[in-house]
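Structural overview
Listed below are the residues making up each chain.
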Amino acid sequence: MTESTKALPATPSRPGPSRFVLRPSVREAIWGYVFVGPWLIGLLLFTAGPMIASFLMSLTDFDLLHADSVRFVGLDNYIQMANDPLVATSVIATFKFALITVPLTMLASLGFALLLNNRHLVGKGALRALVYMPIMIPLVAGTLVWSGFLNSQTGWLNDIIGAFGVEGPDWFNSEVWIYPALSLIGLWAIGNFMLINIAGLQAVPTELYEAARIDGAGAWTSLRRITIPLMSPILLYNLVICLIATFQYFTQVYTLTNGHGDPNNATLFINLELFREAFVFSKMGYGSAIAWLLFAIVLALTLLLFAFARKRVYYAGGDQ
Amino acid sequence: MNRSRSGPHVWMVLAAVVAIVVAACGGTTTSPSTGTAASAPASAGAVATAAPSLVAVTPKPIAAGPGPNGGKVVRWFIGLGTGGKPEQLAAEFKVADDFNASQKEIYLSVEVYDNRVAANQLQIEIAAGNPPDIIGPVGVEGLNIFRNQVLDLTELVASSKYDLSKVDPKLVEFWKMGEGSAMIGLPFATYPSFLYYNKKLFDEAKLPYPPTKVGELYQGKPWDVAAIREIGKKLTVDSKGNDATNANFDAANIVQWGFDSQWADNNPVAESTLFGAFSVVGADGETAQIPDPLKVGLQWYSDGVWKDHFIPTYAQIRSNLLGPDNEFQSGNLAMAETHSWYMCCINPAAPAKPSFTWGVAVAPAYNNTTTAKLHADTFSLLKSSKNPNEAFKALTVLVESGALLANYGAFPADKTKQQAFFETVNKQYPNVTIDWSVPQAMLSYVDIPNHQSYMPNYAKAKAALQALGNGYRTKELDIAAELEKLKTTLQGIFDE
């Protein structure tokens, strides 16, 4: 073999300009970056950039009205936040709301999906469209309609409750009933989650249900042992999105309470508190610090969810 | 890769990338949200904040050098108060165009922003070192936010010999509310407050109409807050027709109320001004105080809501019985204490027709003193104006413009222009005879210090006041204890 190698004539070097030739894998990687480039640039300019700016702002006492006298204050804003009772109130209010609305949303969207995926149901398409349609209504307009529907004096819901001889609650002025009221408003717009759940339901192989039926499983057992485990990735996705959105809740409470967080700060959620500090009181530095608190909370919860998902979520394709 | 096709292929891809980046950088109207939440609406609602879609209503290019007429550019910023509505723009631009055509020293450049974003926009312009010269029309509250940025006009008024004799001296005094009593505006538009009353409800209750002159007696007694309470209860009726003086009155089923301080911004300071002018800031400008008018006034309102029931609760105001949220227009509120600007909103939107006629009466007194809170609009100059003399000249033109007064529906501070305003409003209400002597009289009883006057950390302090204002209308509170808490809260806010 050595002799045959030695026997080969040496490749003559060609004259002309030298070329730097990249390996195919490197060329492929570069093209990958080229195609993902626009998104990366957008991420840097419109997400990462503002995030970095916001973090830097949170280390200053930046005030729009006195922009020329910005001072670096280090962690003062974070220390102030830790001692600010309103921030603590806003975190507690947000968690209280999330504890009610997230399970309710998940259950309701799954429930609707199961109902509207039933093979015996006639007019599935129309019904699904009806459930989905409220999402198309502008949020502020919808909230104003709900404020009339839930009004304790003349609202239809209290009229209906009153027909049963029970006095309806003061939905928007009670620190207890405001959360169910907001959850009710939120339930109106579960169409998107419902559709995602329907897609998940339709991906469950029907042979499994047949096999379960043969083995004597009822509807409840099928739901618990087949549907939910196989839908678990979808449910996880919905849960993560729902959680993030709940912690960013703003428009409805701003519309209902004119940005005050009534009654008695019960709806002064974190996002509303950060809006007030940054844009009403002009304390952009402090508002930025609260924004980072919100980010940290949402990130922590999301990581917890993913950690939980490792053992509870079934991926048909495996873990790779 | 085939070399013969790689050249055009590369250029096509690069062109596509450039196009996408340019499109992405061309501007976005939505705010970025965390992670992937942007694409999925949640049950709790949309992720992004509901930012108004209007930013600049009619942005005009800001001239860096001499204006088109060769004059120094003076920028006029509109939006902090009224003036941002599409139907108001034409008159504003005409005033500017006419002024620019009439002389060559100054070019008045107009920029208009939606009221919801104007304050923020101005803050950003100031922070960016690009502030306008004139701001207005703007009210007291709008100026509080920019108190440190507004120029004292005293010297300019003196040097230009501007004639202030056409306006009530009290109004000139009113605008000396800047730092160190600086004059931060010239009297332009005023919105005195008084009582609107529903004639139909008074006729049904067989009550005489309230007085139209300060000092006039009502049913042989002084026209004061006690009288308001007395007739307020008679004018408050439940679903069975019992009024609040009746033993069978059902407070859980009220369908008509006697009185409210309407659209007072949920601010107990504004509501309590009936009991005398005051400020929650001490003379040193730093110490929180709870003066007697606030103590007495807020207790009176609270009793009116929860004990005597002639003043509606927050939930009732938001119900269909009272608008929602336009109590006097609903026809179920007998007396509303509010400002002349409310004449915009008494009639329902067409094609609905008004269901009652109304009149105006003087504000009730307290301890023989009548106080009628005032809203007022003005035009101000910013300290950062590079051409203050030219800007002041343009400002005086705006202040004296009858066209702008009509445009804003404003009650003129200039007495010589008031008749024209009366005639305009009278045409809007052909079935109502408005006694204009009432608002004119109330201008002599304005609240100094004004209920919107400056507090340190104004926005936050106001939010604290509004929290109490919302609170006492939501449930019955221990007013004395709440005011003590308020004082502590305000002090903390002032000290920040």
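Cut-offs and rules
- Sequence order sets the numbering: in each chain, residues are counted from 1 along the sequence as written.
- For this description, chains carry letters from A and ligands carry numbers from 1, given in the order in which they are written.
- Confidence filtering applies because this is a predicted model: local features only for residues at pLDDT of at least 70, side-chain atom pairs given and counted only at 80 or more, and all residues used for totals across whole chains, interfaces and linings.
- Think of it this way: any DSSP run of H or I at least four residues long counts as a helix, any run of E at least two long counts as a strand, and we number them from the N terminus.
- Counting other C-beta atoms within 10 Å of a residue's own tells you its class, since 20 or more makes it buried, 12 or fewer makes it exposed, and anything in between is partly exposed; those C-beta atoms are placed from the backbone.
- What counts as a contact here is a pair of residues whose C-beta atoms, placed from the backbone, lie within 7 Å.
- Atoms counted for the radius of gyration: C-alpha only. Globule rule: 2.2 Å times residue count to the power 0.38.
- Comment: axis = line fitted to C-alpha atoms, over the contacting stretch for helices; angle = value between 0 and 180 degrees taken between N-to-C directions.
- Roughly parallel here means an angle under 35 degrees, roughly antiparallel means over 145, roughly perpendicular means 65 to 115, and every remaining angle is called oblique.
- Handedness of each helix crossing follows the sense of rotation of the near helix against the far helix: counterclockwise by less than a right angle gives left-handed, clockwise gives right-handed.
- Residues are grouped as follows: Ala, Val, Leu, Ile, Met, Phe, Trp, Tyr, Cys and Pro are nonpolar; Asp, Glu, Lys and Arg are charged; every other residue, Gly included, is polar.
- Domain start and stop positions are those given by an automatic or database domain assignment.
- As a per-residue measure, pLDDT tells how confident the predictor is, with possible values from 0 to 100.
- What a helix is expected to span follows from its residue count: subtract one and scale by 1.5 Å.
- Here, strands pair whenever DSSP counts at least two bridges between them.

Let us look at the overall build of chain B. The helix and strand tally for chain B stands at 18 helices and 14 strands. The 496 residues of chain B split such that 45% are buried. When contacts within chain B are restricted to residue pairs at least 6 apart in sequence, long-range pairs at least 24 apart make up 75% of them.

Looking now at the overall build of chain A. Looking only at helices and strands, chain A has 14 helices and 0 strands in total. Start at the N end of chain A and walk to the C end: the helices and strands fall as α-α-α-α-α-α-α-α-α-α-α-α-α-α. For chain A, the C-alpha radius of gyration of 28 Å lies well beyond 20 Å, the compact-globule estimate for 320 residues. With respect to the three principal axes, the spread of C-alpha positions in chain A is 105 × 75 × 35 Å. Residue burial in chain A is summarised as follows: out of 320 residues, 33% are buried. For chain A, the proportion of contacts with a sequence separation of at least 24, taken over those separated by at least 6, is 66%.

Residues and elements named next belong to chain A. At a minimum axis distance of 7 Å, the contact between helix α2 (residues 24–58) and helix α14 (residues 284–312) shows a crossing angle of 120°. As far as their axial angle goes, α14 and α2 are oblique. The way α2 lies across α14 gives a crossing that is left-handed. Within the contact between the two elements, α2 uses Ser54, Phe55, Met57 and Ser58 and α14 uses Met284, Gly285, Ser288, Ala289, Ala291 and Trp292. Tallied by class, residues from the contact of α2 with α14 come to 6 nonpolar, 4 polar and no charged.

Another point: the environment of B:Ala463. Within the secondary structure layout, B:Ala463 lies in helix α17 (residues 458–474). According to the C-beta neighbour criterion, B:Ala463 is partly exposed, with 19 such atoms within 10 Å. In this structure, the C-alpha to C-alpha distance between B:Ala463 and B:Lys166, residues 297 residues apart in sequence, is 37 Å. Setting aside its immediate chain neighbours within four residues, B:Ala463 contacts A:His260 and A:Arg276.

Where burial is concerned, most of helix α13 (residues 270–280) of chain A is hidden: 8 out of the 11 residues are buried. Listing the buried residues of α13(A) in full gives A:Ile270, A:Asn271, A:Leu272, A:Glu273, A:Leu274, A:Arg276, A:Glu277 and A:Ala278. Contact partners of the buried residues in α13(A): α4 (85–116), α11 (219–247), α12 (251–257) and α14 of chain A together with α17 of chain B. A:Ser282 sits one or two residues past α13(A) and shows a positive phi near 65°.

Residues and elements named next belong to chain B. For chain B, the assigned domains read domain 1 (72–190 + 375–428) and domain 2 (193–372 + 452–495). On a C-alpha basis, the centres of domain 1 and domain 2 stand 31 Å from each other. The interface of domain 1 with domain 2 comprises 10 residues on the first partner and 10 residues on the second. Looking at which element gives the most residues to the side of domain 1 that touches domain 2, the answer is helix α4 (residues 140–145), with 4 residues. Across the side of domain 1 that touches domain 2, the residue classes tally to 5 nonpolar, 3 polar and 2 charged.

Before going further, it helps to spend a moment on the confidence of the model for chain A. Confidence in the prediction of chain A, expressed as mean pLDDT, is 89, and 93% of residues score 70 or more. Per-element mean pLDDT across chain A ranges from 51 in helix α1 (residues 2–7) of chain A up to 95 in α4(A).

With 17 residues, α17(B) extends 24 Å from end C-alpha to end C-alpha; this agrees with the ideal 24 Å at 1.5 Å per step. Most of α17(B) sits out of view: 14 of its 17 residues are buried.

Residue and element names in this part refer to chain A. With their axes 10 Å apart at the nearest point, α11 and α14 run at an angle of 165° to one another. Taken together, α11 and α14 sit at an angle that is classed as roughly antiparallel. Regarding α11 and α14, the two cross each other, and that crossing is right-handed. Of α14, the residues touching α11 (which contributes Ser232, Leu236, Leu239, Val240, Leu243, Ile244 and Phe247) are Leu294, Ile297, Val298, Leu301, Thr302, Leu305, Ala309 and Arg312. A class-by-class count of the residues in the contact of α11 with α14 yields 12 nonpolar, 2 polar and 1 charged.

What follows deals with the domain arrangement of chain A. Residues and elements named next belong to chain A. For chain A, the assigned domains read domain 1 (16–58) and domain 2 (76–312). Distance between the C-alpha centres of domain 1 and domain 2: 36 Å. Contact residues are listed per partner, giving 4 residues for domain 1 and 7 residues for domain 2. In terms of residue class, the side of domain 1 that touches domain 2 is built from 2 nonpolar, 2 polar and no charged.

Our next topic: unusual backbone geometry. For the bond from A:Asp262 to A:Pro263, the omega torsion is 0°, close enough to zero to count as cis. Along the chain, A:Pro263 falls in the loop between α12 and α13. The linkage connecting B:Ile448 with the following residue, B:Pro449, adopts the cis geometry, with an omega of 5°. Here B:Pro449 shows up in the loop between α16 (437–442) and α17. In this model, B:Asn266 sits at a positive phi of 55°, which is unusual for a non-glycine residue. When you line up the elements, B:Asn266 lands in the loop between β8 (254–261) and α9 (268–272).

Our focus in this paragraph is the pairing of strand β2 (residues 106–112) of chain B. Residues and elements named next belong to chain B. Within β2, 7 of the 7 residues are buried, which leaves it mostly tucked inside the rest of the structure. Here β2 shows no split at all, with Ile106, Leu108, Val110 and Val112 on one side and Tyr107, Ser109 and Glu111 on the other all buried. In this structure, strand β1 (residues 72–78) lies alongside β2, joined through 7 bridges in parallel fashion. When the bridges of β2 are listed, isoleucine 78 appears paired with valine 112.

On to the confidence of the model for chain B. Residues and elements named next belong to chain B. For chain B, per-residue confidence averages 85 on the pLDDT scale, and 87% of positions sit at 70 or higher. Mean pLDDT values over the elements of chain B span from 49, in helix α1 (residues 3–25), up to 98, in helix α10 (residues 292–306). Overall, residues 1–6 carries pLDDT values under 50, and its contacts beyond four positions in sequence, including any with other chains, amount to 1 contact. With pLDDT under 50 throughout, residues 19–55 is counted as low confidence; its partners more than four residues away or in other chains account for 77 contacts. Overall fold confidence for the complex sits at a pTM of 0.79, while the interface term, ipTM, reaches 0.74.

Residues and elements named next belong to chain B. Buried residues dominate β8, accounting for 7 of its 8 residues. Bridge count for strand β7 (residues 237–238) against β8 is 2 bridges, and the pairing is antiparallel. Looking across to β8, one finds that aspartate 238 is bridged to isoleucine 254.

This brings us to the environment of A:Asn192. Position of A:Asn192 relative to the elements: it lies in helix α9 (residues 191–202). Taking C-alpha positions, A:Asn192 is 9.5 Å from A:Asn238, a pair spaced 46 residues apart along the chain.

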